[in-house]
Number of protein chains: 2
Amino acid sequence: MEQKKVDRTKSGSQKLGQLILLLGRLEKHPHTFGEAGPLTPSEIHTIDAIGMERGVLMSELANRLRVTKGAVTQIIVRLEDKNLVERTPNPTDSRSVIVSLTEKGKSAFRAHEEVHLHFYRELSSQLDEQEIEIFEKCIEKLCIHLQK
Amino acid sequence: MEQKKVDRTKSGSQKLGQLILLLGRLEKHPHTFGEAGPLTPSEIHTIDAIGMERGVLMSELANRLRVTKGAVTQIIVRLEDKNLVERTPNPTDSRSVIVSLTEKGKSAFRAHEEVHLHFYRELSSQLDEQEIEIFEKCIEKLCIHLQK
DNA sequence: CCTATTTAGTTTAGTTTATAAACAAAATCA
DNA sequence: TGATTTTGTTTATAAACTAAACTAAATAGG
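Everything numeric in this text was worked out from a predicted model, so none of it was measured. (Residues numbered from 1 in each chain as written. Chains lettered and ligands numbered in written order. Predicted model: local features only at pLDDT ≥ 70, side-chain atom pairs only at ≥ 80, totals over all residues. Heavy atoms only, no water.)

### Focus: the packing of helix H2 (residues 41-50) of chain B against helix H5 (residues 103-124) of chain B
All names here are of chain B. Keep this limit in mind: Note on method: axes are straight lines fitted to C-alpha atoms, helices fitted across the in-contact stretch only, with angles between N-to-C directions ranging 0 to 180 degrees. For helices the rule is a DSSP run of H or I covering at least 4 residues; for strands it is a run of E covering at least 2, with both sets numbered from the N terminus onward. Oblique is the label for every angle not falling under 35 degrees (roughly parallel), over 145 degrees (roughly antiparallel), or within 65 to 115 degrees (roughly perpendicular). It only takes one pair of heavy atoms within 4.5 Å for two residues to be counted as in contact. Each residue is assigned to one class: nonpolar for Ala, Val, Leu, Ile, Met, Phe, Trp, Tyr, Cys and Pro, charged for Asp, Glu, Lys and Arg, and polar for all the others, Gly among them.
Between H2 and H5, the least distance of the axes is 10 Å, while the angle of their chain directions is 100 degrees. Taken together, the axes of H2 and H5 are roughly perpendicular relative to one another. Taking contact as the criterion, the partners of Ile44, Ile47 and Asp48 in H2 are, on H5, Gly105, Ala108, Phe109 and His112. Classifying every residue of the contact of H2 with H5 gives four nonpolar, two polar and one charged.

What follows is the structure in structure tokens.
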């Protein structure tokens, strides 16, 4: 009985390990989203962090992405060159810069979102109502657990 | 009813998205394992891929890690400098090289495994038997789904 | 009202992790 | 045997970061 429990922990942990491995690989290579050409993982990740609503300050973006301000400057320059984001001066504080998505950037955002939705739909089509509910609950606990 | 289903997909997909985000962050910074000093994600990942059993050929390692042979050469040089792996000539084919963990490397492997086990134990302590079972089943389906 | 400090963002130099292409040496095929 | 394939290394390059030095604007306090 005790032995069985230990084995279960080991196999469960290995499954989770494999999941982490596969998820890491997933977001590791460039991919084309919407009207935008191929985007690297960090490019689409940045577009995702900017979001569809109003613009974001560079420093806020650095917080969201958990990188330095210098890293944000670099990637935003690249995204600006590709016409995916816009930089506008902040009218209420001329030190800061507001970053927002262009139409092309928004189309990449939506295409990326759609990929996620499609993936989730495919997955949940293989589960019943109760399984989906428990799965989501577990993901949530896992997330809370990871935030420490 | 239909609306409800759409919303469920969206929120579920977002939860999964957050999980991917957090897992990506988790394995992004160096960490100390066992007797080895701080190891970068790709260093511990490589140690994990070599494993505790008999040695592995460089090319097999490249396959497991899904990187080029050149990348493997580079990381193995670094791990060798840190005395975590050993290179021995293959007696049956003198083109190839067998890579295996040193005692220090094995201690890093075990410490890393222990981190995963501990994490999984913590997580599953918050779930009941039925939830764990369904969760593992879902992870498995997710993995299968990701391998395409 | 200045000066001193803080805040926002940029620039630069260097690191890590990877690729791709050219290569050398050994094994295998025909 | 000679041509080809396989195994691994080397080298030059790129992406994605960090850390530190910097500029310019805002703010706090004497």
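### Quick look at the protein's contact with DNA strand C
Let me state the cut-off plainly: Any residue with a heavy atom lying within 4 Å of a molecule or strand is counted as near it. Throughout this description, a polar contact denotes any pair of N or O atoms lying within 3.5 Å of each other; where both atoms belong to protein, one of them has to be capable of donating a hydrogen while the other can accept it, and for residues adjacent in sequence the pair is counted only when both atoms sit in side chains.
Close to DNA strand C lie 23 residues, the nearest being Ser59, Thr73 and Arg87 of chain A together with Thr40 and Arg78 of chain B. In DNA strand C, atoms within 4 Å of the protein come 68% from sugar and phosphate. With respect to DNA strand C, the backbone of Ser59 of chain A contributes an N or O atom lying 2.7 Å from a phosphate oxygen. Here a phosphate oxygen of DNA strand C sits 2.8 Å away from a polar atom, N or O, in the main chain of Thr68 of chain B. For the surface near DNA strand C, the secondary-structure elements that each account for two or more residues are helix H3 (58-65) and helix H4 (69-81) of chain A together with helix H4 (69-81) of chain B.

### Some thoughts on the relation of the copies chain A and chain B
This is how the line gets drawn: Here the copies were fitted onto each other by least squares, based on C-alpha atoms from residues at pLDDT of at least 70 in both.
Once chain A has been moved 0.0 Å along the axis and rotated by 180 degrees, it coincides with chain B to within an RMSD of 0.1 Å. This pairing of chains is accounted for by a two-fold axis. Closest approach to the rotation axis within chain A is made by the C-alpha atom of Phe135 of chain A, at a distance of 2.8 Å. Counting the interface residues of chain A, we find that 100% of their copies in chain B are interface residues as well, pointing to one common contact surface.

### Regarding the protein's contact with DNA strand D
Taken together, the neighbourhood of DNA strand D is formed by 23 residues, with Arg78 of chain A together with Ser59, Lys69, Thr73 and Arg87 of chain B sitting nearest. Near the protein, within 4 Å, the atoms of DNA strand D are sugar or phosphate in 66% of cases. Within the side chain of Ser42 of chain A, one N or O atom sits 3.5 Å away from a phosphate oxygen of DNA strand D. Within the side chain of Arg78 of chain A, a nitrogen or oxygen atom sits 2.7 Å from a phosphate oxygen of DNA strand D. Per-element tally for the surface near DNA strand D: the top contributor is H4 of chain B, with four residues. Looking at the surface near DNA strand D residue by residue, the classes come out as five nonpolar, ten polar and eight charged.

### Quick notes on the sheet that holds strand S3 (residues 56-57) of chain B
All names here are of chain B. Stated formally: Here, a strand pair is defined by DSSP locating no fewer than two bridges between the strands.
Spatially, the three strands line up as an open sheet ordered S3-S5-S4, and their pairing is antiparallel. Looking at the sheet topology across the chains shown, the edges are occupied by S3 and strand S4 (85-89). Note: S3 against strand S5 (residues 97-101), two bridges, orientation antiparallel. Within S5, the residue paired with Leu57 across the bridge is Ile98. Running over the sheet, H2 touches S3, S4 and S5 and is turned about 105 degrees from S5.

In short, the description is geometric, and any link to function would need to be established separately.
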